[in-house]
Amino acid sequence: MQKKIGIGIVGCGVVGGGVVELLRRHRGSIEEQADAALELRYVVVRDTNKARQVALDDTTLTADFAQVLRDPQVSIVVELMGGTDVAHSVVREALLAGKHVVTANKALLAERGEGLFALAERMGLTIAFEASVCGGIPIIRTLCEGMSGDRVRSVRGILNATTNFILSRMSEDGMDYAQALAIAQRRGLAEGTPTLDVDGHDAAQKLAILASLAFRSRVPCEAVFRQGIAELRPLDLRFARELGYVVKLLGQARLVERASETCIDARVHPVLVKRDHLLAAVRDEYNAVLVDADFVGPTAYQGRGAGAHPTASAVMADIVALARRMDTCPRAARPPCSRTIPLVAMDQIEGRYYLRLDVADRPGVLHAIAGHFGRHGVGIATVTQKKPGDAHVPLVITTHQARERDVQAALSLAKQSTLADVGDTCLLRIMDDDQDDEPTTLGAVA
Ligand code: NDP
Ligand code: HSE
């Protein structure tokens, strides 16, 4: 083994610590795969005095990133610090210094990736980012390489481990939301700012990356419709279960035809998934991605979506891949976004809906509420009134296939009903297996 490759890691928290541990534990087989000796020359952190999961000597551990930039022996910088400002400078400066970059930072790539990939291309360098989506699941390689000869029609799945953990615990053990979140944080699943997880930002960033790769068209994460799980109440999880569903936070992107133009429908929101659906069985910190393409048809990928070990595994795969072809063809890996496909507005989407309205328990209320939905052409599939006897009772409605705009309009009018005196409401979207096979054609824009 002649080649020696210097590595500088920036960030030694959950993921950085995992990468150091993995390199130490499996150095022999990693170097064999890489066909190179890997030398961990620097680990950059904010506070060198902080206690760490992995022991590091004083020459390796530093708070000075400039040391990495100056060292000609470092050819790969591994950015594992998170955030979009300092991390942007770190990646940019690393590229300008002629170093390849490996990152797990989906926020950085989804929000500021375009400029960085363009810079990498100009410099003839690679930004590798397998760990940025779904931790240990090799979904980036699957889309970029495995699916490169096909036409992807849809990509969807459970893209965030923290929210899947919270929803699993709440619905299976009746655990309280705050307690489930605290456990996810202790396990190193959550982002430093956990609202990024629970409000759906993290899943939207990942979906933007996946959709851009799948459809070869840049999907800006701010254009992805986003609804998180913070507003969900335990009773909605219970009612969903009684109806035969489990609630999952899904990221979904698919190609649709709108007025004979191909568009992308990309959204992140909680979904009622049938109890026997593949995604319903994906629990806790596990993620799953379903990719459907013209020739291969439906495919599924599942694994742990966060945590030190699964994420370190994906980071190391990128390091190995870079090391292998370091002195042959350091290909610039700009995601192939050669097209610009427009995105569909959420109010144009069609589907089935679950609605819970806390209403006054008095005669005529059901008729009044149903009337608003009827007038907007929204067909009601089931109605259940829960716990009669209280002054206010939850009224649970599921709809037939309807347009989002009509459902929202009917709900908004129902909320104004004096008779019904509507309190808290919840609107969730339902995914049915048979719906998946329906043509993805939307009506013309009104
Ligand atoms: P942590 O908060 O556990 O670790 C962050 C590390 O970065 C710390 O070691 C911290 O130093 C260091 N750091 C932060 N700011 C600076 C700075 N300005 N200069 C130098 N070092 C700095 O984060 P994670 O390991 O959980 O996440 C890292 C990245 O990986 C994020 O982009 C995240 O989204 C992504 N990711 C995380 C996954 C997970 O399961 N946790 C899974 C997939 C991706 P110090 O220790 O001194 O504070
Ligand atoms: N906070 C993220 C999650 C980490 O929970 O999925 C993995 O990207």
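Note that the structure is predicted; figures quoted are calculated from it, not measured.

Calculation notes
- Residues numbered from 1 in each chain as written.
- Chains lettered and ligands numbered in written order.
- Predicted model: local features only at pLDDT ≥ 70, side-chain atom pairs only at ≥ 80, totals over all residues.
- Heavy atoms only, no water.
- Near = heavy atom within 4 Å.
- Polar contact = N/O pair within 3.5 Å; in protein donor to acceptor, adjacent residues only side chain to side chain.
- Areas by Shrake-Rupley, 256 points an atom, 1.4 Å probe, with all protein chains shown as cover.
- Helix = DSSP H or I, 4+ residues; strand = E, 2+ residues; numbered from the N terminus.
- Nonpolar A, V, L, I, M, F, W, Y, C, P; charged D, E, K, R; others polar.
- Pairing = 2+ DSSP bridges.
- Contact = heavy atoms within 4.5 Å.
- Axes fitted to C-alpha atoms, helices over the stretch in contact; angles between N-to-C directions.
- Parallel < 35°, antiparallel > 145°, perpendicular 65-115°, else oblique.
- Left-handed = near helix turned anticlockwise from the far one by under 90°.

Novice: Just checking my understanding: could you explain the site of ligand 2 for this structure?
Specialist: Inspection of the region around ligand 2 gives Lys106, Asn160, Ala161, Thr162, Leu189, Ala190, Glu191, Asp197, Asp202, Lys206, Gly305 and Ala306 as its neighbouring residues. A distance of 2.7 Å separates an oxygen atom of ligand 2 from a polar backbone atom of alanine 161. Contact between ligand 2 and threonine 162: an oxygen atom at 2.6 Å from a side-chain N or O atom of the residue. For ligand 2, the accessible surface in isolation is 260 Å², of which the surrounding protein chains cover 92%. Looking at the shell around ligand 2, the elements with two or more residues in it are helix 7 (161-173) and helix 10 (201-215). Looking at the shell around ligand 2, its residues break down into four nonpolar, three polar and five charged.

Novice: Teacher, can you tell me more about the sheet that holds strand 3 (residues 61-62) here?
Specialist: Where strands meet in a sheet, backbone hydrogen bonds hold them as pairs that are either parallel or antiparallel. The strand order across the open sheet built from six strands is 3-2-1-4-5-6, with neighbouring strands paired in parallel fashion. Of all the strands in the sheet, the pair left with one neighbour each is strand 3 and strand 6 (127-128). As paired elements, strand 4 (residues 74-79) and strand 5 (residues 100-103) share four bridges and run parallel to each other. The partner of valine 77 across the bridge, within strand 5, is valine 101. The sheet contacts of helix 1 (residues 14-25) involve strand 1 (4-10) and strand 2 (37-44), and relative to strand 2 the element is tilted by about 155°.

Novice: Would you mind going over the site of ligand 1 with me for this structure?
Specialist: Close contacts around ligand 1 come from 24 residues, with Cys12, Lys50, Arg52, Glu191 and Gly307 the closest. Cysteine 12 is positioned with one of its backbone polar atoms (N or O) 2.8 Å from an oxygen atom of ligand 1. Here a nitrogen atom of ligand 1 and a backbone polar atom of glycine 188 are 3.0 Å apart. Among the residues forming the shell around ligand 1, the class breakdown is 11 nonpolar, seven polar and six charged.

Novice: For this particular structure, what's the right way to read the packing of helix 1 against helix 12 (residues 308-324)?
Specialist: Relative placement of two packed helices is described by the angle separating their axes and the distance separating the axes. As a packed pair, helix 1 and helix 12 sit with axes 8 Å apart at the nearest point and diverge in direction by 65°. Overall, the two elements helix 1 and helix 12 adopt an arrangement that is roughly perpendicular. Seen along the crossing, helix 1 lies across helix 12 with a hand that is right-handed. Between helix 1 and helix 12, the residues in contact are Val14, Val15, Gly18, Val19, Glu21, Leu22, Leu23 and Arg25 and Ala308, His309, Thr311, Ala312, Ser313, Val315, Met316 and Ile319, respectively. Of the residues assigned to the contact of helix 1 with helix 12, the class counts are 10 nonpolar, four polar and two charged.

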